[in-house]
Each structure stands twice: as C-alpha cells, then as structure tokens.
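Residue-level structural notes
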Amino acid sequence: MKKIMVTGALGQIGSELVEKLRDLYGSDRVIATDIKASPEGSSGPYEVLDVTNGLLMYDIANRYEADTIIHLAALLSATSEERPLQAWQLNIGGLMNALEVSRSLGCQLFTPSSIAAFGPTTTKEHTPQDTIQRPNSLYGVSKVSGELLCDYYYHKFGLDTRGLRFPGLISYVTPPGGGTTDYVVEMYIESVARGAYTSYLSPGTFMDMMYMPDALNAIVSLMEADGSKLKHRNAFNVSAMSIDPEMIAEAIRKHIPDFKVDYKPDPLRQAIADSWPDSIDSGASIEEWGFQVHYDLDKMTSEMLAHLAVKGN
Ligand code: AKB
C-alpha cells in the first residue's frame, strides 16, 4: 500500500486529491504539505513545507517513510508571466528538490505538466503526444523543462517519474488562482452570483478543459498503471473537452436562461491562451494506461451550478 506525500496540498488540485487519496489508501498514509499553516480539522497528517527547502522536503518524506511523492506546488501561467524569477525558483527549484528527494528515498514521483508546454508553433488542432514544444510563456518554459527533467531522472537513475499535461481544471471546491483557464470557474461562480460575467478572453478562444473528478481519477490511474506498458512518461496529453467562452455561456443558459456575458480581453492572458493548442489528442493516454473521462460540458455544467447554488455563491 502506498505512503504518499503531497506538496501544494491546499491548492486547487491538492485540496481534493488529498481527500481522494485518503479515501483510497487510508488517512495516515497520505501526508499533506503546503507552505500555508495547517487548515482547521485536517483529516490526516499535515506538515508546513516550502518546496524550495530541499532539506525539509527530505526530512518530511523520510520521517513519514513516503514511497510516493505527488508534487503539485507551482505558480500558474498568468502569475508566472508577472513574476518570472519566483516562478522559475518555485516551479523548477521545487521540482528539482522533489526529484532529488525521490532519488534518495526511491520514491515514485508524479508532477503535473500542462497544455502550456506547447507553444505557437505547435499544431493547434488534435495536438499530438509527440510534437514541437517551443512555448513562449515562462510557465510553459518551466513545464517543458520539468518534463525533460523528469524524463532525465527516469532514464539516468531509473526513477519512476510520471506526469500529465493537464488542461484547465474545473472545480467548485477550491478556486484556481493565477491561471489563464481560470475564467471558466469564474464564469460559473458569477452566473450563480450575479447572472452576468465579463470574460477576459475573447469569444472563439478554444482551449482544453477537464472536470476535477476526471483529473483526480487520471492521476490515480496513471500512478497505479503498469510501468512496463508506458512508452511515454513525462508527460501524457489528457483532455475532456475543447471549448470557448461562448460554449460555456450557452451550456449555462440551459439552466440560467438570462445569463449575460460580455468580453473585455486581458492582453496578457489572451496572448497566453492564443499560444496554446485549441485541442490536444489524448490517444497515447488511452492506449498506454486506459485514460477515460466521465464528464462532458453539459454534465460538468449541471454539477458545477448545482454545487455552487448550494454553496450560496
Ligand atoms: C493555467 O491556466 O495556467 C493552468 C494550466 C492550463 O496549466 N490552468
């Protein structure tokens, strides 16, 4: 049975992943870590960890005898563009520490990559698993570098590194922060709260998205997959839908007919979105480890709106 240390555990993915892992493997077998202080009523072990502190990361993983590290702590795309040095130190410095700790302790390591690992010269439609990766955002550069580092540690040291190129992840539990795809979650929240939303991306800006339960299942499935069947490792394309702001607005109008959307594109985030693929091809994930999704746009929209209405947003 796995003993898993999660970094960035209070972030958008971590806050839901930790609960799922504790349900699957047992509360005491999942060590949540984050730079922030322990939340009230934590359901299992919790440690404060700044991932740029490699010695502390080693100490925690060693003390709890972790055999798996899920390294989530990172700055997202829009924030990275504004704070390049901090983004590099956190995204790459933190990952190097996670790789070295995994190497010292023989841990399996998962870290997410992103659709940001592609750039303006990549094929935009059905972007293949193996293709040109010349991103022009700092976040994208850190993600490609991370993919290469993880592959390097696999080939050089036999470290069991695995990763997913996540699209925008949609959840009603913990809002994302500093990303380019965040507008989707904002649109759902504002549709329930105000019946109106001003989008910072223009209509026709297509990007891949995925509902959080599918993303969490994908992490668990990839980590449990038979390593001998994996031809790729860092990182696999995964997507559930390719959508633009108008499609989401239409899906919301099936529940809130008067929902109004207008557009005021933010040059920074619009430029990032325009440099990313419209739709990526998840074929290698389906073939090599059985990736599947259960939510399309309509099913996700029904759940998001129902949960947000209950939360009283
Ligand atoms: C972002 O928008 O920065 C992230 C991502 C696609 O990696 N959601």
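One can find the structure itself at the top, above this paragraph.
Described in the following lines is the structure provided in the data block. (Residues numbered from 1 in each chain as written. Predicted model: local features only at pLDDT ≥ 70, side-chain atom pairs only at ≥ 80, totals over all residues. Heavy atoms only, no water.)

Inspection of the secondary structure assignment puts Glu47 in strand S3 (residues 46-48). At a separation of 3.4 Å, a polar atom in the side chain of Glu47 contacts the side chain of Arg63. With residues near it in sequence (within four places) discarded, Glu47 still touches Ile31, Ala32, Thr33, Asp34, Ile60, Arg63 and Tyr64. (Helix = DSSP H or I, 4+ residues; strand = E, 2+ residues; numbered from the N terminus. Polar contact = N/O pair within 3.5 Å; in protein donor to acceptor, adjacent residues only side chain to side chain. Contact = heavy atoms within 4.5 Å.)

With that settled, consider the sheet that holds strand S11 (residues 207-211). Sheet architecture is open: three strands sit in the order S9-S11-S13, paired in mixed fashion. Among the strands making up the open sheet, the edge pair consists of strand S9 (168-170) and strand S13 (241-243). If you compare each strand with its neighbour and ignore which way they point, the axes differ by 40° on average. One ladder, built from three bridges, connects S11 with S13; its direction is antiparallel. Each residue of the ladder has a partner; that of Met207, found in S13, is Ile243. On top of the sheet, helix H7 (residues 212-224) reaches S9 and S11; it is set at about 85° to S11, its chief contact. The strands that helix H11 (residues 297-311) touches are S9, S11 and S13; relative to S11, the one it contacts most, it runs at about 55°. (Pairing = 2+ DSSP bridges. Axes fitted to C-alpha atoms, helices over the stretch in contact; angles between N-to-C directions.)

Close contacts around the ligand come from Leu76, Ser77, Ser114, Ile115, Tyr139, Gly179, Thr180, Thr181 and Trp276, and that covers them all. Here an oxygen atom of the ligand sits 2.6 Å away from a polar atom, N or O, in the side chain of Ser77. Between the ligand and Ser114 there is a distance of 2.7 Å, counted from an oxygen atom to a side-chain nitrogen or oxygen. Protein burial of the ligand: of its 250 Å² of free accessible surface, 93% is covered by the chains. (Near = heavy atom within 4 Å. Areas by Shrake-Rupley, 256 points an atom, 1.4 Å probe, with all protein chains shown as cover.)

All right, on to the sheet that holds strand S12 (residues 236-237) then. Spatial strand order, S6-S8-S12: three strands in an open sheet with parallel pairing. Either end of the sheet is taken by a strand with one partner, and the two such strands are strand S6 (113-114) and S12. This element, H7, spans strand S8 (164-166) and S12 of the sheet and lies at about 170° to S8.

What follows is about the packing of helix H6 (residues 183-193) against H11. Relative placement of two packed helices is described by the angle separating their axes and the distance separating the axes. Running from N to C, H6 and H11 point in directions that differ by 50°, and their axes come no closer than 10 Å. Taken together, H6 and H11 sit at an angle that is classed as oblique. In this structure, the crossing between H6 and H11 has a hand that is right-handed. Judged by residue contacts, Tyr188, Ile189, Ser191 and Val192 of H6 engage Leu297, Met300, Thr301, Met304, Leu305, Leu308 and Ala309 from H11. Per-class residue counts for the contact of H6 with H11 are nine nonpolar, two polar and no charged. (Parallel < 35°, antiparallel > 145°, perpendicular 65-115°, else oblique. Left-handed = near helix turned anticlockwise from the far one by under 90°. Nonpolar A, V, L, I, M, F, W, Y, C, P; charged D, E, K, R; others polar.)

Attention now goes to the packing of aromatic side chains. Under the counting rule described, the total for this entry stands at seven aromatic pairs. On the basis of an interplanar angle of 75° and a centroid distance of 5.8 Å, the ring pair of Tyr152 and Tyr153 is categorised as edge-to-face. Given a relative accessible area of 42%, Tyr152 falls into the partly exposed group. Cation over ring: Arg103 sits above Phe157, and NZ or CZ is 4.2 Å from the ring centre. (Phe/Tyr/Trp six-rings, centres within 6.5 Å; stacked < 30°, edge-to-face > 60°. Buried < 20%, exposed > 50% of the residue type's maximum accessible area, 1.4 Å probe, protein only. Lys NZ or Arg CZ within 6 Å of the ring centre and 35° of its normal.)

Listing the buried residues of H6 in full gives Tyr183, Val184, Val185, Met187, Tyr188 and Ser191. Backbone geometry just after H6 places Gly195 at a positive phi near 75°.

By secondary structure assignment, the location of Lys264 is in the loop between strand S14 (260-263) and helix H9 (267-275). Of the residues examined, Lys264 reaches a relative accessible area of 65% and is grouped as exposed. Beyond its immediate stretch of four places on either side in the chain, Lys264 contacts Thr198, Ser199 and Tyr200.

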